[in-house]
Amino acid sequence: WAGGTRGDLLPQMIQHVDIAGNSYVVRRAGRLTPLRPDWVSIIGGVPNDEEATVWHPDARVLGYMYREGGPALGREPVFFLPGDVAHFAPIPDPEARFRGMSWLTPIVREVMADRAMSDHKLAFLENAATPNMIVKLAVDDLVKFRDFVKEFRAGHEGAANAYKTMFLAAGADATVVGKDMQELDFKLVQGAGETRIAAAAGVPPIIVGLSEGLAAATYANYGQARRRFADNTMRPLWRNVCGSLAQIIRV
């Protein structure tokens with residue numbers, strides 16, 4: 001595209017692969033255009049055999065269908081022949097032939113757990129950075145009980161009220177429950193999740209500066225980690241993207 005360089009095209013392709021598992025680049029008149037992957041459908045089968053599925057031994061990619069705005073918008077689809085599209089999909093989807101899968105798919109639960117840990121940390125800090133608390137009251141009047149709870153929360157919840165002295169009326173008893181950050185070993189729990197996510201991405205933890213990676217290694221062996229990243233992750237990706245783009249570029 002106008003002003004586009006290889007340094008613009010490749011990051012967009014790997015971004016599409018990371019999120020959607022597939023990157024489609026179509027050859028137009030004198031330019032290359034990346035297509036939004038969730039708007040692309042792969043048409044596969046056996047020529048002159050309407051009953052054959054993509055799992056037929058002779059099945060192949062017959063073309064690509066692109067619906068601008070997605071299927072829900074109802075626009076007329078545009079069809080591209082296989083020779084006009086570079087399909088980059090480094091991780092094959094075991095449930096769909098010819099289609100790729102995001103490396104995030106097998107570790108969605110790890111990503112969700114990491115997000116939950118971050119939400120837990122935020123909630124912990126927003127609630128005065130203290131564990132949960134049970135307050136017992138010898139009150140029979142529901143209205144008085146609700147008023148007490150309302151005033152108690154206003155005076156003791158939130159980071160602005162942290163470390164204040166608590167005063168309770170006669171008959172009230174405060175008991176701390178739950179675990180604090182130290183008892184939960186928050187750093188270890190979240191660090192293990194980060195390391196598993198980095199492993200699924202094929203990136204050594206030390207490369208991105210994760211705490212567990214730095215604890216197990218130092219920047220003295222950063223070079224070996226970088227070499228492993230280049231050999232095991234980047235080289236196969238580079239070989240694959242070159243082969244994919246060779247479909248639509250005169251090499």
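Residues numbered from 1 in each chain as written. Predicted model: local features only at pLDDT ≥ 70, side-chain atom pairs only at ≥ 80, totals over all residues. Heavy atoms only, no water.

**So, the pattern of salt bridges**
So, step 1. Tallied over the full model, the rule gives five salt bridges.
So, step 2. With a shortest N-O distance of 2.7 Å, Asp-38 and Arg-36 are connected by a salt bridge.
So, step 3. Classification of Asp-38 by relative accessible area gives partly exposed; the value is 45%.
So, step 4. A relative accessible area of 42% places Arg-36 in the partly exposed class.
So, step 5. Residue Glu-68 is joined to Arg-75 by a salt bridge in which the shortest nitrogen-to-oxygen separation is 3.2 Å.
So, step 6. The exposure class assigned to Glu-68 is partly exposed, which follows from its relative accessible area of 43%.
So, step 7. According to the relative accessible area criterion, Arg-75 is partly exposed, its value standing at 42%. (Salt bridge = Lys/Arg side-chain N within 4 Å of Asp/Glu carboxyl O. Buried < 20%, exposed > 50% of the residue type's maximum accessible area, 1.4 Å probe, protein only.)

**Section: the layout of surface pockets**
So, step 1. Each pocket or cavity is described by its volume, and for the second largest pocket that value is around 330 Å³.
So, step 2. Ile-91, Trp-103, Ala-201, Thr-233 and Leu-237 are, among the 17 residues lining the second largest pocket, the residues nearest its centre.
So, step 3. At the level of secondary structure, the elements contributing two or more residues to the lining of the second largest pocket comprise helix H1 (6-20), helix H5 (186-201) and helix H8 (222-245).
So, step 4. In terms of residue count, H8 provides more of the lining of the second largest pocket than any other element does, seven residues in total.
So, step 5. The residue makeup of the lining of the second largest pocket, split by class, is 12 nonpolar, four polar and one charged. (1 Å grid on protein atoms, 1.4 Å probe; cavity = no way out; pocket = protein on both sides within 12 Å on 5 of 7 lines; lining within 4 Å. Points joined across faces, edges and corners; volume = space filled by probe spheres on them. Helix = DSSP H or I, 4+ residues; strand = E, 2+ residues; numbered from the N terminus. Nonpolar A, V, L, I, M, F, W, Y, C, P; charged D, E, K, R; others polar.)

**Quick look at H8**
One turn of an α-helix holds 3.6 residues; hence residues three or four places apart share an orientation.
So, step 1. Over its 24 residues, H8 runs 32 Å from end to end, which matches the ideal 34 Å to within 8%, given 1.5 Å per residue.
So, step 2. Taken together, the buried positions of H8 are occupied by Ala-225, Phe-229, Thr-233, Val-241, Ser-244 and Leu-245. (Expected span 1.5 Å × (residues − 1).)

**So, the sheet that holds strand E5 (residues 78-80)**
The strands making up a sheet associate through hydrogen bonds between their backbones, and the pairing can be parallel or antiparallel.
So, step 1. Here we have three strands laid out as an open sheet, ordered E3-E4-E5, and antiparallel in their pairing. A strand with exactly one partner marks an edge of an open sheet, and here the two such strands are strand E3 (40-45) and E5. Averaged over all neighbouring strand pairs, the angle between strand axes comes to 30°, with direction disregarded.
So, step 2. Of the pairings in the sheet, the one linking E3 to strand E4 (residues 60-66) comprises six bridges and is antiparallel in character. Bridge pairing links Gly-44 to Val-61 in E4. (Pairing = 2+ DSSP bridges. Axes fitted to C-alpha atoms, helices over the stretch in contact; angles between N-to-C directions.)

**A few points about the environment of Leu-35**
So, step 1. Here Leu-35 shows up in strand E2 (residues 31-35).
So, step 2. By relative accessible area, Leu-35 is classed as buried at 6%.
So, step 3. Beyond its immediate sequence surroundings of up to four residues, Leu-35 is in contact with His-16, Tyr-24, Val-26, Val-40, Tyr-66 and Phe-80. (Contact = heavy atoms within 4.5 Å.)

**Quick word on the side chain of His-87**
So, step 1. As for its position among the elements, His-87 is in strand E6 (residues 85-88).
So, step 2. For His-87, a relative accessible area of 18% corresponds to the buried category.
So, step 3. At a separation of 2.8 Å, a polar atom in the side chain of His-87 contacts the side chain of Asn-22.
So, step 4. Beyond its immediate chain neighbours, meaning those up to four positions away, His-87 contacts Asn-22, Ser-23, Tyr-24, Ile-42, Tyr-64, Phe-98, Arg-99 and Ser-244. (Polar contact = N/O pair within 3.5 Å; in protein donor to acceptor, adjacent residues only side chain to side chain.)

**Points about the packing of aromatic side chains**
So, step 1. A full pass over the atoms with the stated rule returns two aromatic pairs.
So, step 2. When the ring of Tyr-24 is compared with that of Tyr-64, the centres are 5.8 Å apart and the planes differ by 65°; the resulting orientation is edge-to-face. Of this pair, Tyr-24 sits in strand E1 (residues 23-28) while Tyr-64 sits in strand E4, and the two are 40 residues apart along the sequence.
So, step 3. For Tyr-24, a relative accessible area of 2% translates into the label buried.
So, step 4. Measuring from ring centre to ring centre gives 6.3 Å for Trp-39 and Tyr-66, while their planes differ by 50°; the resulting arrangement is tilted. (Phe/Tyr/Trp six-rings, centres within 6.5 Å; stacked < 30°, edge-to-face > 60°.)

In short, the description is geometric, and any link to function would need to be established separately.
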